[in-house]
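# Fold and contact review
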Amino acid sequence: MYGKGIIKGLGVTLKHFLDTYVDDIRVGKKRYTEEGVAYRSSKDVRGLFTVQYPEEKLPTPEEFRFIPFLVYDEGEDGEKNIRCTSCGICSKVCPPQCIWIVRSEDPETGRPIPEPSDFFIDVDVCMNCGMCAEFCPFDAIVMGHDYELAVYDRLANNIYDKDKLLKPAAYYQAIRPVNYRIQAEARAEKEAKKATAQSKKEA
Amino acid sequence: MTETTLAIANDIEARFPQCVTPDERGGYEGYLIEAGKLVEFATALRDEFGYDFLSSVTGVDYLPDEKMEVVYHTYRSTGGGAFVFKVQTPRQTPSVPSLCGIFPGAEFQEREAWDLLGIHFQGHPDLRRILMWEGFEGHPLRKDWKEAYYESDAKPFDSRWPVGEIYRAEDENPFKGNVVYPQGFDPDKWTPEGETALYAGMHEVETDEAMHTDQIVVNLGPQHPSTHGVFRMVATLDGETIVKLRPVMGYLHRNHEKIGERNTYLMNIPFTDRLDYLSSMTANWGYVQAVEKLLGPKTAAPERAEYIRVIMAEFTRISNHLMAIGALLNDLGAYFTPMLYALKERELILDIFEATAGSRMMCNYYRFGGLARDLPAGVYEKMRDLAFERLPRQIDELDRYLTENEVVIARCEGVGVLTPEEAIAYSAVGPVLRASGVPYDVRRADPYGIYERFDFDVAVRYHGDVYDRYLVRLDEIRQSIRILQQALDDLPEGEIMAGKPKYSMRVPAGEAYGRVEAPKGELGFYVVSDGSANPWRYHVRAPSFINLTALSKMCEGDKVADAVIILGSIDIVLGETDR
Ligand code: SF4
Ligand code: SF4
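What you see is a predicted model; the values in this text were computed from it and never measured.

A few words now on the overall build of chain B. Secondary structure assignment for chain B yields 20 helices and 15 strands. Computed over its C-alpha atoms, the radius of gyration of chain B comes to 24 Å, within 12% of the 25 Å expected for a compact globule of 579 residues. Projected onto its principal axes, the C-alpha coordinates of chain B cover approximately 65 × 60 × 60 Å. Per-residue burial for chain B yields a buried fraction of 61% across its 579 residues. For chain B, the accessible surface area stands at approximately 21,800 Å², while carbon and sulfur atoms represent 53% of it. When the 61 basic and 90 acidic side-chain charges of chain B are each reduced to a single mean position, those positions are 4 Å apart.

Turning our eyes to something else, we now look at the overall build of chain A. Scanning chain A from N- to C-terminus turns up eight helices and seven strands. For a compact globule of 203 residues, the expected C-alpha radius of gyration is about 17 Å, and chain A comes in at 25 Å, more than 25% above that figure. With the C-alpha coordinates aligned to their principal axes, the bounding extent of chain A is approximately 90 × 50 × 35 Å. For chain A, the proportion of its 203 residues judged to be buried stands at 43%. If you take every contact in chain A between residues at least 6 apart in sequence, the share linking residues at least 24 apart comes to 62%. Taking the average place of the 29 positive charges on the side chains of chain A and the average place of its 33 negative ones, the gap between the two points comes to 9 Å.

Residue and element names in this part refer to chain B. Among the secondary structure elements, P90 is positioned in strand β5 (residues 83–90). Given the relative accessible area of 48%, P90 is considered partly exposed. Considered as a pair, P90 and L474 are 384 residues apart in the sequence and their alpha carbons are 49 Å apart.

The next point concerns the sheet that holds β5 of chain B. All names here are of chain B. Read from one edge of the open sheet, five strands run β1-β2-β5-β4-β3, paired in mixed fashion. Of all strands in the sheet, those with a lone pairing partner are β1 (20–22) and β3 (53–62), marking the two edges. If you compare each strand with its neighbour and ignore which way they point, the axes differ by 25° on average. Bridge count between strand β2 (residues 31–33) and β5: three bridges; the pairing is parallel. In the strand pairing of β5, I33 is matched with V87. Helix α3 (residues 107–117) rests against β3 and β4 (67–75) of the sheet, and its axis sits at about 10° to β3.

Time to look at the site of ligand 2. Lining the immediate surroundings of ligand 2 are 14 residues, of which C94, C126, M127, C129 and C132 of chain A lie closest. The class makeup of the residues in the shell around ligand 2 is 12 nonpolar, two polar and no charged.

Membership of the largest hydrophobic core comes to 183 residues, with the highest contact counts inside it found for Y72, M312, F315, Y365, F368 and L551 of chain B. Tallying contributions element by element places helix α9 (residues 303–332) of chain B first for this core, with 14 residues. Not counting residues up to four positions away in its chain, the partners in contact with F315 of chain B are I349, I352, F353, M383, L386, L391 and L484 of chain B. With 27 residues, the next largest nonpolar core counts I82, C98, C132 and M143 of chain A among its residues.

Let us now look at the site of ligand 1. Near ligand 1, the surroundings consist of 13 residues, among which C84, C87, G88, C90 and C136 of chain A are the closest. Of the residues in the shell around ligand 1, the class split is 10 nonpolar, three polar and no charged.

For chain A, the mean per-residue pLDDT works out to 87, and 100% of the residues sit at or above 70. Put simply, helix α2 (residues 34–39) of chain A is where chain A has its lowest mean pLDDT, 80, and strand β5 (residues 141–143) of chain A is where it has its highest, 93.

Residues and elements named next belong to chain B. For strand β15 (residues 537–541), the tally of buried residues reaches five of five residues, placing the bulk of the element in the interior. Of the strand pairs in this sheet, strand β14 (residues 521–529) and β15 are connected by five bridges, and their pairing is antiparallel. Bridging from a neighbouring strand, V527 pairs with Y538 of β15.

Between chain A and chain B, the residue contacts involve 52 residues of the former and 53 residues of the latter. Carbon and sulfur atoms make up 58% of the surface buried where chain A meets chain B, a total of about 4,700 Å² over both sides. There are five salt bridges connecting chain A and chain B. Put simply, E397 of chain B and K15 of chain A hold a salt bridge, and the shortest N to O gap is 3.6 Å.

Moving on to the pattern of salt bridges. Residues and elements named next belong to chain B. Counted according to the given criterion, the structure contains 60 salt bridges over all chains. In this structure, D144 and R91 form a salt bridge, with 3.1 Å as the shortest nitrogen-oxygen distance. Within this pair, whereas D144 is found in the loop between β7 (120–122) and α4 (169–172), its partner R91 is found in the loop between β5 and β6 (95–97), the two being separated by 53 residues in sequence. Of the charged contacts in the structure, one is a salt bridge between R461 and D475, with a shortest N-O distance of 2.9 Å. One end of the pair, R461, is in the loop between α15 (442–445) and α16 (466–490); the other, D475, is in helix α16, and 14 residues separate them in sequence.

Together, K190, K193 and K194 of chain A together with K500 of chain B make up a region of like positive charge exposed at the surface. Looking at the element boundaries, K190 of chain A is found in helix α8 (residues 177–202). Judged by relative accessible area, K190 of chain A falls into the exposed class, the value being 61%.

Further remarks concern the domain arrangement of chain B. Many descriptions give the size of an interface as the accessible area lost when the pieces come together. Residue and element names in this part refer to chain B. Once the domains are mapped, chain B shows domain 1 (3–122) and domain 2 (256–578). Listed by partner, the interface residues are 34 residues for domain 1 and 27 residues for domain 2. Each partner contributes to the roughly 2,400 Å² buried at the junction of domain 1 and domain 2, and carbon and sulfur atoms together form 59% of this total. Across the contact surface, domain 1 and domain 2 share one salt bridge. Measuring nitrogen to oxygen at the nearest pair gives 2.6 Å for the salt bridge that ties K86 to E511. Taken together, the links from domain 1 to domain 2 amount to 14 residue pairs in polar contact (both at pLDDT 80 or more). Listed by contribution, the elements that provide at least two residues to the side of domain 1 that touches domain 2 are β3, β4 and α3. Of the residues contributing to the side of domain 1 that touches domain 2, the split by class is 14 nonpolar, 13 polar and seven charged.

According to the domain assignment, chain A consists of domain 1 (1–59) and domain 2 (68–191). Taking only C-alpha atoms into account, the centre of domain 1 of chain A sits 41 Å from that of domain 2 of chain A.

Its location among the elements puts E345 of chain B in helix α10 (residues 337–357). Given the relative accessible area of 3%, E345 of chain B is considered buried.

This paragraph deals with unusual backbone geometry. With an omega dihedral of -5°, the bond running from K155 of chain B to P156 of chain B counts as a cis peptide bond. Turning to its location among the elements, P156 of chain B is positioned in the loop between β7 and α4. Looking along the chain, the bond that leaves W161 of chain B and enters P162 of chain B is cis, with omega of 5°. Within the secondary structure layout, P162 of chain B lies in the loop between β7 and α4. Although it is not a glycine, Q97 of chain A sits at a positive phi angle of roughly 60°. On the secondary structure map, Q97 of chain A appears in the loop between α3 (89–93) and β3 (99–105). By relative accessible area, which is 1% here, Q97 of chain A ends up buried.

All names here are of chain B. The residue S98 is located in the loop between β6 and α3 in this model. We classify S98 as buried; its relative accessible area is 9%. As for S98 and G79, which are separated by 19 residues in sequence, their C-alpha atoms are 25 Å apart. Setting aside its immediate chain neighbours within four residues, S98 contacts V39, E110, F121, Q122, G123 and H124.

Rules used in this analysis
- Residues numbered from 1 in each chain as written.
- Chains lettered and ligands numbered in written order.
- Predicted model: local features only at pLDDT ≥ 70, side-chain atom pairs only at ≥ 80, totals over all residues.
- Heavy atoms only, no water.
- Helix = DSSP H or I, 4+ residues; strand = E, 2+ residues; numbered from the N terminus.
- Rg over C-alpha atoms; globule rule 2.2 N^0.38 Å.
- Buried < 20%, exposed > 50% of the residue type's maximum accessible area, 1.4 Å probe, protein only.
- Areas by Shrake-Rupley, 256 points an atom, 1.4 Å probe, with all protein chains shown as cover.
- Lys, Arg positive; Asp, Glu negative; His and termini not counted.
- Charge placed at Lys NZ, Arg CZ, Asp CG, Glu CD.
- Contact = heavy atoms within 4.5 Å.
- Pairing = 2+ DSSP bridges.
- Axes fitted to C-alpha atoms, helices over the stretch in contact; angles between N-to-C directions.
- Near = heavy atom within 4 Å.
- Nonpolar A, V, L, I, M, F, W, Y, C, P; charged D, E, K, R; others polar.
- Core = buried A, V, L, I, M, F, W, Y, C linked by side-chain atoms within 4.5 Å.
- pLDDT = per-residue confidence, 0-100.
- Buried area = accessible area lost by both parts, 1.4 Å probe.
- Salt bridge = Lys/Arg side-chain N within 4 Å of Asp/Glu carboxyl O.
- Patch = residues over 30% accessible without salt bridge, like charges linked within 9 Å, V, L, I, M, F, W, Y side chains within 5 Å.
- Domains from an automatic or database assignment.
- Polar contact = N/O pair within 3.5 Å; in protein donor to acceptor, adjacent residues only side chain to side chain.

Next comes the structure, spelled out in structure tokens:
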């Protein structure tokens, strides 16, 4: 029969339409909670997928990467111990070359000291590739999760300096718990090795 | 070189004793052909030795040797390894005979080499610029060409560290305050030469109808919703019938290859994401494969990484084909319902990419010798859910929804036909080639990675029309699901990286051509290393670009409304076409 194909196809759209309501009734109010949003991008959902951004937001997975930030550890009396040692590796691997690092020197001896005196990322140019974080040997630069960065004037706002880039290690731990744990363990192991080597040497 | 290619090489040397010499530079392969004998040689290669498929043509500027080189990669459409040959020409007056007469698929690629490197092809039917704009001066891929704001030959730039002098690159550009026109120049009255040549070529079609009717030239695009981006087709119409059609592209050109030649090897990986932005995983793979060939066997990826590479590539293929089908239906006028059903499934695949690679589309996931990171907890289960449950079910639904639809059939059947001979001659690849009855799939014809281990069929259809291209994509999704199910079942535990991840490495001098079966067809990367930290030459053989060579052929004789769906059935992404 001519037209059978079309009718069959329309059946599919009708099913989609109804499935949304069936899903809605089945899941109930929960549909609009965080859990419900997560369910809406699972294999089981049949009907509508749409998430009402910005009222609802999809959960960001741990590995999600956006603009990188610099990590500092909080000292006992609140001082910021910046992890970065200005080694320059991130600025060398950065594909669009959007990281600028100003190394600082000891005013007396003139020797370079680890903490950078300034650190810039041009976030208009940053391609969010994650290379900087991947190759930083000191776990000092990490890819952030904040993707709502629109500004009215990009010229005034979009070159991030050190102050704007710095975030506490606790924040890092909160958004990337697994990575944080792995890196902390690796560092601890290294320290322990160093300590034993040191004590051996002394002995 | 395998044994068969070795035997063939001996035959060829015997057949052309004087003008064919093996390329003996370290790390290079193939043969050097004398320019005068090129056409004769290529004809013999195609007709006597069976190398009927010209995959890639590109140029290399060997500035220190004062030479230009044109590199050809040919294959047999029945499968097997490459036969590579090259022609050298003096750098001051680079000129080689065109191979368009033997391999029509060379047309756009030769135009590209002319445009970007200034190599002249004698006897080319339409040697105009193709990617740069018509008024452009110079040939940007030449090694001595420098862009308007130029910092240095190679990255990383010295100004970034240890004394980072922050500035915006746009502020350094001399054209910042927009362009200053030369005196007496009126942009409104100026038509670039290339444009005049293009229109001049459009008016000459004779028809043998008794009644004389005027033909008109119509521009479809560059701003046109159905063109999948900024893309233009100039068509000569006789009534509603297309008698001639020329694609015009390059609106999104950013000279990906020049950028790539200043990048270090590692930096190029995220840039390959931006070629075909719907399937970045396979683009990563093609590039990584080419560089791994240069690096040698010690960088072979571990087992687990090989499996994950296959899994990611097949998920990419499914998501790409879903988009292709959805977009084709959009072009047909079934506005956005099928597209959204396709997007829905793609969304779940992108969730997996996001959780693993960190980004939905710009995956940047493959590395030389492995992968950036292992699968995080929970992702494997999600993959299984999709591959075993959801996708098979949803693909069947899509099939039920569209395949037998009478309107789809009426619009697509017998439209945009490409015969198998034409498809091979025009260097068509991927679903376009396979819908024309040529069962050529790089995963089978010249296997890479671990594809030999999987049980799957090469999808093929025989009518070569738009409808068959749709069906081939549907078949391929089903085959990809088969591969996924096997790969997920067999996925071993273990490392995902050969050795430690390194940010700078020494790449031995030489050349390599890596090719993968990307969703849109054969995607090749030709990389030449001079032993330094940056590639000397970095060329992308883009399926979206080369498949367009056959567009005119497919459109001629069809109605103007069909041009849109024919283009949709090729499935191009302008990021890759224009590079
Ligand atoms: S790689 Fe890490 S430690 Fe080195 S400069 Fe960059 S952020 Fe600082
Ligand atoms: S994410 Fe990539 S582009 Fe952005 S700063 Fe890091 S390395 Fe550079």
